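Here is how the chains run, residue by residue.
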Amino acid sequence: MSKYATVRVKDNMYKVMGDFHHLTPNTPIRDLNDGGKLVGVTNPREMTYIHSYGGEAVFFESLSKGKLMATRCDNPKCEAKGTIYQPFRIHCMDCLGKNTVIDMTDIAKKTATIHTFMVCERSGAFNVLHKPIKFINIEFEGVSTILMSYLAVGEPEMGMRVVPIFQTTDPTYTILDLAWVPEGTKKNKLPEGFSF
Ligand SMILES: [Zn+2]
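Residues numbered from 1 in each chain as written. Predicted model: local features only at pLDDT ≥ 70, side-chain atom pairs only at ≥ 80, totals over all residues.

## Overview of the overall build of the protein chain
Within the protein chain, the secondary structure is distributed over two helices and 15 strands. Here the C-alpha atoms of the protein chain give a radius of gyration of 22 Å, more than 25% beyond the 16 Å that 2.2 N^0.38 yields for 196 residues. Counting only C-alpha atoms and orienting by the principal axes, one finds that the protein chain spans roughly 70 × 45 × 35 Å. The 196 residues of the protein chain split such that 19% are buried. (Helix = DSSP H or I, 4+ residues; strand = E, 2+ residues; numbered from the N terminus. Rg over C-alpha atoms; globule rule 2.2 N^0.38 Å. Buried ≥ 20, exposed ≤ 12 C-beta atoms within 10 Å, placed from the backbone.)

The following block contains the structure:
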């Protein structure tokens, strides 16, 4: 059994199994220039945070199966009818109607290009990506919005054609299951666990 809590939903309620949080011993903070005087304590904490996906759940479930889902407004009365959104937007921001979920994996494979990019040598806490991180903004044909992700192989360039790769072997069910590589990248160059 996992040291960390796991959660399921039954009868529309969260069922938490295991320990939700772990108490960790404090340690004293002492001032070495003042005879080791106590000035405080550390409070290490570990807890399981429950992050609900709601209407975006299908997006993350699909990544784990190698599919990129987007949404589209199909409301005939909406001025923005037919507009496709990536990143996934549950509701249309023009008419506030519920968008239709569509599979845009093929559009991504055939038309994705780098709109712009930035290379980050340093990162924040809990980063798991290799540094430098090559963040890319991706443009798709027929899609009104731009997706932020990262390039897993090679060096980014403006206008470069890229294709999506998915962490399908051991998915995290987070946005980390999606990355991009230059078009034509060989299968054996992909990061471990990822496939086209
Ligand atoms: Zn709309």
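Moving on, there is more to tell.
## A short note on the sheet that holds strand β11 (residues 133-139)
Paired through backbone hydrogen bonds, the strands of a sheet run either parallel or antiparallel to each other. Pairing in this open sheet of three strands is antiparallel, and the strands run β10-β11-β12 from one edge to the other. Every other strand in the sheet has two partners, leaving β10 (113-120) and β12 (147-150) as the edge strands with one partner each. Neighbour to neighbour, the strand axes of the sheet diverge by 25 degrees on average, direction disregarded. Sheet topology places β10 next to β11; seven bridges connect them, and they run antiparallel. Paired with Thr-116 across the two strands is Asn-137, which belongs to β11. (Pairing = 2+ DSSP bridges. Axes fitted to C-alpha atoms, helices over the stretch in contact; angles between N-to-C directions.)

## Let's talk about the pairing of β11
What you see with β11 is a clean split: Lys-134, Ile-136 and Ile-138 sit on the buried side and Ile-133, Phe-135, Asn-137 and Glu-139 on the side with no burial. When β11 meets β12, the two strands line up antiparallel, connected through four bridges. Each bridged residue has a counterpart across the sheet, and for Ile-136 the counterpart in β12 is Ser-149.

## Section: the environment of Asp-177
Its location among the elements puts Asp-177 in the loop between β13 (162-167) and β14 (178-182). Considered as a pair, Asp-177 and Ile-165 are twelve residues apart in the sequence and their alpha carbons are 8.2 Å apart.

## Considerations on the domain arrangement of the protein chain
Structurally, the protein chain comprises domain 1 (6-47) and domain 2 (54-195). Computed from C-alpha coordinates alone, the two centres of domain 1 and domain 2 are separated by 35 Å. (Domains from an automatic or database assignment.)

## Thoughts on the sheet that holds strand β8 (residues 84-85)
An order of β8-β7-β9 is seen for the three strands of this open sheet, with the pairing classed as antiparallel. Each having just a single partner strand, β8 and β9 (100-103) make up the two edges of the open sheet.

## Some points on the environment of Thr-116
Take Thr-116: it is sitting in strand β10. Expressed as a C-alpha distance, the spacing of Thr-116 and Ile-138, which sit 22 residues apart in the sequence, is 7.5 Å. In this structure, Thr-116 is in contact with Asn-137 and Met-158, ignoring residues within four places of it in sequence. (Contact = placed C-beta atoms within 7 Å.)

## Brief notes about unusual backbone geometry
In most cases, non-glycine residues show a negative phi, while peptide bonds are predominantly trans. Note that the residue after Gln-86, namely Pro-87, is joined by a cis bond; omega there is 10 degrees. Along the chain, Pro-87 turns up in the loop between β8 and β9. Located in the positive-phi region is Asn-12, a residue other than glycine, with phi close to 65 degrees. By the element assignment, Asn-12 lies in the loop between β1 (6-10) and β2 (13-17). For Asn-12, a count of 5 C-beta atoms within 10 Å puts it in the exposed group. The phi dihedral of Leu-96 falls on the positive side, at around 65 degrees, and the residue is not glycine. In this structure, Leu-96 sits in the loop between β8 and β9.

## Brief notes about the environment of Leu-23
Structurally, Leu-23 is set in strand β3 (residues 21-23). C-alpha of Leu-23 to C-alpha of Arg-45: the two residues are 22 residues apart in sequence and 6.6 Å apart in space.

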